[in-house]
Amino acid sequence: MPQISLRELAGVGRGATGIVLTGLAVVSMTAATISWGVALAANDDLTGRTVDDRQLAAVLSAGHSCPMLSASRLAGQLMAESGLDVAATKTASGGTGLAGLDDEDWKIWAPWSAAPRTDTNAVVLALAHKMCGLSGELRMAGVSGDPWRLSLAAFRSGREAVVQAAGVPDDAKTYVDDATGYADYYQALPQFGAAGAVDAVDKVATAPAAEALPLPAEYVASVAAAGKICPEVTPAAVAGEVMAASGFNPSRLSIAGREGIAQFRTDVWRNYGPAGASAQDADVAIRAVGDVLCRLTREFAGLEGDPYLLALAAFHSGPDTVRRAGGIPDAMTRAFLKNSADYADYYRLDTRIGGAPATSPSASSSPGASVPAPAPASNRPSAGAPSGSAAASGSAPAPKPADRVGLKYPSFTSASGLKLNGSAKVADGRLNLTTGLNQAGSAYSSTTIDVTRSFSTSFAGIISQPTDGYAFLLQSSGPGAIGGTGGGMGYSGISPSIAVEFDTWRADNDPKSEQHIAILPDGNLSNHLAWADVTFDMRVGTPTNVWIDYDAGAKKLTVYASRSSTKPGSPMITHTIDLAAKFGGAKVYAGFAAGTGNTNLTDTRDWIDSWTFTGK
């Protein structure tokens, strides 16, 4: 299903925020023309209620949990279940709240420890995971039919009722029809991917860039005050955020529900903003930027990565989103960080907020700007600049990693150098990605990979039972990235990414063979770029030895696999791909992911027995 997915903007130079600022105007005009809230449903009798900004963000994210799901399907189910009422006391399926989950559901499917049932993101993600789990259970039970409709029926009437009816039981038919009808309605809306949305997004990505605006005199005092709250957040960083967010437009109301001059998210303002104040008050909002970023910086001090960058990402995309991703969650957030840093370098030269004047003018400064263009950057990275990115002031790119990146785990005696996520743990000399039912686990090296160069990696993977399988991944979302359980295989929705998947359970979106190896992009488990049948059994608890080579010059990715410890003479898969272009200069993390569903099998595990990686 097509989604509104703003293109990666990493690597663009100063002024690139104009893409976003100008593009917002384009999208707003498009929205005004075709209306975000009105569309014809496939079933004219069903018209869904308006999905608010928080719910929209949640379904767009959770819609990638497994191939069966989509944002519009989740929205349709929420509408059929509760009428989008977060306070529903009894829903269509007998549960409570927005998703109709009961206490037992929440114990099983709560997406992270101590997740509150009042958190829309947590509730929608729990629903998505339960639906993916039901799909896997019904598949294991041999029930044939549309996985989405069957899973809806199981949610409404129970798994056993669907198994006994060998399809949708009578008491679930109205519910299933309503949910699918509402899903069709939402699918026709542009924020869910209808015609017109892609054109608007293309305009966002190609709109002319705007230069930094001089800091308006009426906001100098507020910016200066906001930059004195903590040492990590400087006045220039505050000004950079405001410029990136709104171009100092105090009246801007974005289509994503952000408001005011600093474009505060409603949840961030509610949880971190000053009590009783309004984000529409420009002076109050600017001062709050400093306070909120300082508080978020302290909160994220324990997470791997630059705490200030994580705080700025949380400001833009939400704290829970950053925590779930274990870092910068997506390309659009990275672009916002880069834009904020670019503008911060410009405002660092404004003497009115404590900056040092440049020694010479530059033709690149904004027309009419009273502040000269940035001087060459120092060796110290500026606040807000993503680590590893080119300096915003025109200095040379940050140094590349060492010529050879070496990772060597003959066995996994500890998790040193790895970020373990979800169900992943190190035990008995192995990296255990999953250890039971309804799990998703991932593990990534904290050392980043330079994909502009060739590399070789080898590992031994073990699957103890017929499960959905595991994958080797290269991804730039961060070392904490993790996808869905079951058919999500622990990496669904992680984008940008390239996965080499070892699949032992044939789903509707898979090639014809039950056991296969495939290359898939961007956490999309339906898009098999290349694949090959496996002639030996990968699911009997003994190692499958794998070798993956990438030739950066020829742009060739080759995959070898064997039960023998000797590398075969011929690859199983050879695929042409430009990884440098794929990741656009972003940091890339290498590692593994796996997922299990809710089956009746015991000892359902995915292990990695050993791993080496050598960058050339």
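Before reading further, recall that the structure is shown in the block above.
My aim in this report is to walk through the structure given alongside it, one point at a time. (Residues numbered from 1 in each chain as written. Predicted model: local features only at pLDDT ≥ 70, side-chain atom pairs only at ≥ 80, totals over all residues. Heavy atoms only, no water.)

Here the structure, examined in full by the defined rule, presents 14 salt bridges. Taking the shortest distance from any N to any O, the salt bridge between Lys-173 and Asp-170 comes out at 3.1 Å. A residue is classified by how much of its surface remains accessible, and Lys-173, at 39% relative accessible area, is partly exposed. With relative accessibility at 63%, the residue Asp-170 sits in the exposed group. With a closest N to O distance of 3.2 Å, Arg-453 and Asp-450 form a salt bridge. Taking the relative accessible area as the measure of exposure, Arg-453 reaches 23% and is therefore partly exposed. With a relative accessible area of 15%, Asp-450 lands in the buried category. Where salt bridges share partners, they join Glu-137, Arg-159 and Glu-160 into one cluster. (Salt bridge = Lys/Arg side-chain N within 4 Å of Asp/Glu carboxyl O. Buried < 20%, exposed > 50% of the residue type's maximum accessible area, 1.4 Å probe, protein only.)

With that settled, the discussion passes to the state of the cysteines. Here a disulfide denotes a covalent bond joining the sulfur atom of one cysteine to the sulfur atom of another. Following the criterion strictly, the structure yields one disulfide and no others. The disulfide that involves Cys-230 links it to Cys-294, with 2.0 Å between the sulfurs. Handedness here is read from the sign of the S-S torsion; for Cys-230 and Cys-294, about -90°, the answer is left-handed. Of this pair, Cys-230 sits in the loop between α10 (220-226) and α11 (235-246) while Cys-294 sits in helix α13 (residues 282-299), and the two are 64 residues apart along the sequence. Neither residue differs from the other here; Cys-230 and Cys-294 are each classed as buried. (Disulfide = S-S within 2.5 Å. Helix = DSSP H or I, 4+ residues; strand = E, 2+ residues; numbered from the N terminus.)

Take the packing of helix α3 (residues 71-82) against helix α8 (residues 173-187) next. Running from N to C, α3 and α8 cross one another at 130°; their axes reach a closest spacing of 7 Å. As the angle between them shows, α3 and α8 are arranged oblique. Crossing angle aside, the handedness with which α3 passes α8 is right-handed. Judged by residue contacts, Ser-72, Arg-73, Ala-75, Gly-76, Gln-77, Met-79, Ala-80 and Glu-81 of α3 engage Tyr-175, Asp-178, Ala-179, Tyr-182, Ala-183, Tyr-186 and Gln-187 from α8. In the contact of α3 with α8, the residues fall into eight nonpolar, four polar and three charged. (Axes fitted to C-alpha atoms, helices over the stretch in contact; angles between N-to-C directions. Parallel < 35°, antiparallel > 145°, perpendicular 65-115°, else oblique. Left-handed = near helix turned anticlockwise from the far one by under 90°. Contact = heavy atoms within 4.5 Å. Nonpolar A, V, L, I, M, F, W, Y, C, P; charged D, E, K, R; others polar.)

With that out of the way, let us pick up the pairing of strand β12 (residues 556-562). In terms of burial, β12 is largely enclosed, as six of its seven residues are buried. When strand β11 (residues 544-551) meets β12, the two strands line up antiparallel, connected through seven bridges. Bridging across to β12, Tyr-550 finds its partner in Leu-557. Connecting β11 to the antiparallel partner β12 that follows it, the hairpin turn spans four residues, and Lys-555 within it adopts a positive phi of roughly 55°. (Pairing = 2+ DSSP bridges.)

Summed over the entire model, instances satisfying the criterion amount to 16 aromatic pairs. Taken together, a centroid distance of 5.0 Å and an interplanar angle of 10° make the contact between Tyr-409 and Phe-412 stacked. No difference in accessibility class separates Tyr-409 from Phe-412, as the two residues are buried. Aromatic pair Phe-472 and Phe-592: ring centres 5.6 Å apart, planes at 65°, arrangement edge-to-face. (Phe/Tyr/Trp six-rings, centres within 6.5 Å; stacked < 30°, edge-to-face > 60°.)

It is worth spelling out the packing of helix α6 (residues 147-157) against α8 at this point. Taken N-terminus to C-terminus, the directions of α6 and α8 make an angle of 125°; their axes are 9 Å apart at the nearest point. Overall, the two elements α6 and α8 adopt an arrangement that is oblique. Crossing handedness for the pair α6 and α8: right-handed. Facing α6, whose interface residues are Trp-148, Arg-149, Leu-152, Ala-153, Phe-155 and Arg-156, α8 presents Tyr-175, Val-176, Asp-177, Ala-179 and Thr-180. Classifying every residue of the contact of α6 with α8 by side-chain character gives seven nonpolar, one polar and three charged.

Right, let's get into the sheet that holds strand β2 (residues 418-422). Strand pairs in the sheet, formed through backbone hydrogen bonds, run parallel or antiparallel to each other. The antiparallel open sheet is built from seven strands, whose spatial order is β2-β5-β14-β7-β8-β9-β10. With one partner strand each, in any of the chains shown, β2 and β10 (530-533) form the two edges of the open sheet. Each adjacent strand pair in this sheet contributes to an overall mean axis angle of 15°, direction not counted. Bridge count for strand β7 (residues 470-475) against strand β14 (residues 589-595) is six bridges, and the pairing is antiparallel. Bridging from a neighbouring strand, Tyr-470 pairs with Ala-594 of β14.

The subject of this paragraph is the nonpolar core. With 51 residues, the main nonpolar core has Leu-215, Phe-248, Ile-261, Phe-264, Leu-296, Phe-315 and Tyr-347 as its most contacted residues. Looking at this core, the elements that each hand over two or more residues are α10, α11, α12 (266-272), α13, α14 (307-317) and α16 (331-347). Looking at this core, the element that brings in the most residues is α13, giving nine residues. By size, the runner-up hydrophobic cluster in this structure holds 49 residues, among which are Ala-58, Leu-84, Cys-132 and Phe-155. (Core = buried A, V, L, I, M, F, W, Y, C linked by side-chain atoms within 4.5 Å.)

Any link to function would need more than the numbers given here.
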